[in-house]
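The lines below spell out each chain.
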Amino acid sequence: MRPRERRETGEQDLFRSRLDQIIDMKHPLVTLGRTMDWRFLEGRFGEVYTDDPGHPPLPTRLMAGLAILKHTYDLSDEVLCERWVENPYYQYFCGEEFFQHHLVFDRSSLTRWRTRMGEERLQALIQESLSVATKTKAIKPSELSRVIVDTTVQPKNVTFPTDAKLLNRAREKLVRLAQRHGVDLRQSYARVGKFALIQHQRYAHAKQFKRANRMLKKLRTYLGRVIRDIARKINGDGGFEVAFAKLLLLARRVHEQKQHQRGPKVYSLHAPEVECIGKGKAHRPYEFGVKVSVATTLKHCKGGQFVTHVKALPGNPYDGHTLATVIPDMEALVGNTIARIFADKGYRGHNAPPDHKPRVFLSGQKRGVTPKIKRELRRRSAVEPVIGHLKAEHRMGRNYLWFRRGDAANAILAAAGYNFRRLIRWLTLLLRQILSALFPSLLINPG
C-alpha cells in the first residue's frame, strides 16, 4: 500500500497548538522545509510501493525529513527520536501541523525505510539539495560543470582486527550458537582460550614474539577443535547444518587465513564485508571499511562548497578505474555535462569514458594545461576539508549501518546532510542580510 502523504490543511484544534503559531516562521529550518520539493521526493521514493492492500507506510516527508535531520546534525537514531519530540522545528520540517508530545513513528522504522529505499533512490536527497541550492542562489548551475573527484575510506564500526582476537571471537560465537541450539560440545575452551588471548597480547606488547606466536598457535588449535566437534555433531541434520552454515564458513576462513596471504580476508565476524585499505598515511597506514568516491564543486560558491556525487566502491578498486562509473552517475544526478574534472596523481591511467578523457586533469599535469586550468588545478586540494567535514560532522567517520547496502546508504546520507547543513547556514546569512537592509539602524557602529 502507498503512504498517506501529508498536505497542509490549515485546520484548527482547541486542544492542540499549531506549530506555525508557536515557532519563528523565519527560522532557516522552516524556510528550508518550505523551499524543498517534497512532491519530487514522494514520487521518487514512492516507486517502491504498490497499491496492494495492507497497512499504509509512514509518510515520505516524515521519513525523508528524519534521514536529513539525522545526518545534518550528526545524531544517532535514538537521539533523533528524543530530539524530535522536544524540538518543534524538527516536527514542522517533517510535515507536522500540530505539536506532537509523543513519537508518531518507531525507531526501527528508520532502519526499515533506509533498507527499502536503497542506494539508487537515496541519491534523490543529494539531487534535491542541489536543486534547493540553485533555487536559493547558493550555487549557480554553471558551477556544477567543474568538479573535484577524490576517494577516501569510510571506516566500519569494528575493532582493530588481529589474528588472536579473530580466532578467539570465532570460537566464542560458535560455542554460543551451539549452546543456543542444544549441541553438546566436548569442550568449550572458554577459560584457557581467554587466558591464551591475554597472554598473547602481553607477549606482543613486550615484543616477545616467539612466545606470542606460541599462544596464537594455541588459539588456532582451540578454534579448529571446536569447528571439527560441531561438524561431527551436526552431520546429517539438515536444520542444524543450515543454522551453522554461515558462521562455520566464516570460522573456517579465519582458521585458515595467514598474515601475508593475498586475496580477501575476514577482518570482522559481524561485518565480513569489511576491507583493509592502505592510503599511505603516516598516522593511519591502514583503515578498515569501504572506499568511497567523493565529488565536490571546484569553486567555493556563495553557499559554500557542495558535494555533487558520492558512491561507495566495494572491492577496493584502483582510483583511476572508478571514473568509468562515477562520471556517468554524476552527470545523471546533476543533470549537467561535466566540463572539467580535477583529480590527484592517484588517478593516473584512468579509464574515464572516451569523450571525457581530455576533460580530466591531474595534479602536476603539464600537457594541455592552459593558464586558467593551471589556476583551477590549485583548487584540487579543496576537496580534502570537505571530506574532513563529512567524517567529523555527518557520520562518515564511522559507519554503524550493516552490510554493503549500509555502506552505500551511509555515504549518500552523509553527503546529503553536508549539503543541507550548508543550505541552513546560507539561509541564515540571507535572513541577516535582509534584516540589515530593512533595519540598518540596528547595526552596531564599530567606530
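These lines cover the structure that appears in this document, whether it is placed above or below.

A word on the overall build of the protein chain
- Across its full length, the protein chain holds 14 helices and 6 strands.
- Seen through its C-alpha atoms, the protein chain measures out along the principal axes to roughly 80 × 70 × 55 Å.
- Here the protein chain holds 447 residues, and the buried ones make up 48% of them.
- In the protein chain, 72% of the contacts between residues at least 6 apart in sequence involve partners at least 24 apart.
- Surface summary for the protein chain: the accessible area is close to 23,500 Å², and the carbon and sulfur share equals 53%.
- Counting 79 positive and 43 negative side-chain charges, the protein chain places the centres of these two groups 11 Å from one another.

Comments concerning the environment of Pro88
- Among the structural elements, Pro88 can be located in helix α5 (residues 88-93).
- In contact with Pro88, other than residues within four places in its own chain, are Leu19, Ile23 and Phe99.

Looking at the nonpolar core
- Ranked by internal contacts, the top residues of the largest apolar core, which has 90 residues, are Leu32, Met36, Leu66, Trp113 and Leu125.
- Element by element, the count of residues in this core is highest for helix α14 (residues 403-438), at 13 residues.
- The next biggest cluster of nonpolar side chains, apart from the first, holds 32 residues, and it includes Leu167, Leu216, Ile234 and Leu250.

Some words on the pattern of salt bridges
- Overall, the coordinates contain 23 salt bridges when judged by the stated rule.
- Across the pair Glu97 and Arg18 runs a salt bridge whose closest N-O atoms are separated by 3.1 Å. Highlighted residues: Glu97 in the loop between α5 and α6 (107-135) and Arg18 in the segment before α1 (28-35), separated in sequence by 79 residues.
- Overall, the relative accessible area of 14% leaves Glu97 in the buried class.
- Take Arg18: its relative accessible area is 4%, and that puts it in the buried class.
- With a shortest N-O distance of 3.7 Å, Lys311 and Asp329 are connected by a salt bridge. Of this pair, Lys311 sits in strand β4 (residues 307-313) while Asp329 sits in helix α11 (residues 323-334); the two residues are 18 residues apart in sequence, bridging distant segments of the chain.
- Overall, Lys311 belongs to the buried group, its relative accessible area being 18%.
- According to the relative accessible area criterion, Asp329 is partly exposed, its value standing at 31%.
- One network of salt bridges, with partners in common, ties together Arg44, Glu47, Glu120 and Arg121.

Thresholds applied
Residues numbered from 1 in each chain as written. Predicted model: local features only at pLDDT ≥ 70, side-chain atom pairs only at ≥ 80, totals over all residues. Heavy atoms only, no water. Helix = DSSP H or I, 4+ residues; strand = E, 2+ residues; numbered from the N terminus. Buried < 20%, exposed > 50% of the residue type's maximum accessible area, 1.4 Å probe, protein only. Contact = heavy atoms within 4.5 Å. Areas by Shrake-Rupley, 256 points an atom, 1.4 Å probe, with all protein chains shown as cover. Lys, Arg positive; Asp, Glu negative; His and termini not counted. Charge placed at Lys NZ, Arg CZ, Asp CG, Glu CD. Core = buried A, V, L, I, M, F, W, Y, C linked by side-chain atoms within 4.5 Å. Salt bridge = Lys/Arg side-chain N within 4 Å of Asp/Glu carboxyl O.

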